Amino acid sequence: MPGKGAVLQKSGTDVPKCEICGKIAEASRSFACRRCRKSPLCLDHLDSEYRVCSGCAAEERISLYNNLLRQGRSVRGFLRLTEFLFVLAVMFFVAKEFFWEQLPEFIKGNVVFDYVFLWGGAAIAGMVLGFIVIRSQKGRLKEVGDKIEDHKARSRFSRH
């Protein structure tokens with residue numbers, strides 16, 4: 001019995017078979033993957049989004065998923081920084097409003113006291129931006145994760 005991707009011999013004619021599933025791959029209903037160069041592959045294994053075979057598309061999605069996870073960690077770090085800056089702005093505002101006379105002169109001359117509302121506003125804007133980015137990334141992560149799981153399920157059941 002020929003293995004996957006083998007060429008079936010029928011009275012002197014070669015019939016190409018799909019490298020992945022072993023179905024007969026007619027020339028008009030098959031393709032060669034641009035990335036891994038596997039050929040012939042039946043059109044069932046052509047990924048419409050990446051225009052490569054389903055295995056190479058799954059690798060691309062896994063790479064994208066990992067990149068999105070790394071970006072999410074970076075955005076969460078940015079959120080922690082903006083939260084810290086906001087707390088500092090609040091502390092400087094309270095010090096300026098309630099304890100101005102008790103502050104030493106070298107601290108009163110600090111530029112942060114002159115622009116405390118600007119620092120606080122920038123921190124709030126950074127937090128809002130961070131939350132928007134995280135929310136959009138969660139949706140994209142779910143979408144890519146679902147496609148990866150779908151590929152795993154299809155490849156698990158299509159193997160012989």
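Structure first, text after, so check above.
Student: Sorry if this is basic, but what is going on with the pattern of salt bridges here?
Tutor: All chains considered together, the criterion is met by 10 salt bridges. In this structure, Lys152 and Glu149 form a salt bridge, with 3.5 Å as the shortest nitrogen-oxygen distance. Here Glu149 and Lys152 lie together in helix H4 (residues 116–158), a separation of three residues that amounts to about one turn. For Glu149, a relative accessible area of 45% puts it in the partly exposed group. The structure contains a network of salt bridges with shared partners spanning Asp47, Glu49, Arg61, Arg140, Glu143 and Lys147.

Student: Hey, could you run me through the environment of Phe31 in this one?
Tutor: Along the chain, Phe31 falls in strand S3 (residues 30–31). Counting along the chain gives 10 residues from Phe31 to Leu41, while the straight-line C-alpha distance between them is 5.3 Å. Apart from the residues lying within four places of it in its own chain, the contact partners of Phe31 are Lys38, Ser39, Pro40, Leu41, Cys42, Leu43, His45, Leu46, Val52 and Cys53.

Student: Please clarify how helix H1 (residues 54–98) should be interpreted in this entry.
Tutor: For an α-helix, 3.6 residues make a turn, and residues three or four places apart therefore share a direction. An ideal rise of 1.5 Å per residue puts 66 Å on 45 residues; H1 measures up with 65 Å between its terminal C-alpha atoms. Of the residues making up H1, those classed as buried are Ser54, Cys56, Ala57, Ala58, Arg61, Leu68, Gly72, Val75, Leu79, Thr82, Ala89 and Ala95.

Definitions and cut-offs
- Residues numbered from 1 in each chain as written.
- Predicted model: local features only at pLDDT ≥ 70, side-chain atom pairs only at ≥ 80, totals over all residues.
- Heavy atoms only, no water.
- Salt bridge = Lys/Arg side-chain N within 4 Å of Asp/Glu carboxyl O.
- Helix = DSSP H or I, 4+ residues; strand = E, 2+ residues; numbered from the N terminus.
- Buried < 20%, exposed > 50% of the residue type's maximum accessible area, 1.4 Å probe, protein only.
- Contact = heavy atoms within 4.5 Å.
- Expected span 1.5 Å × (residues − 1).

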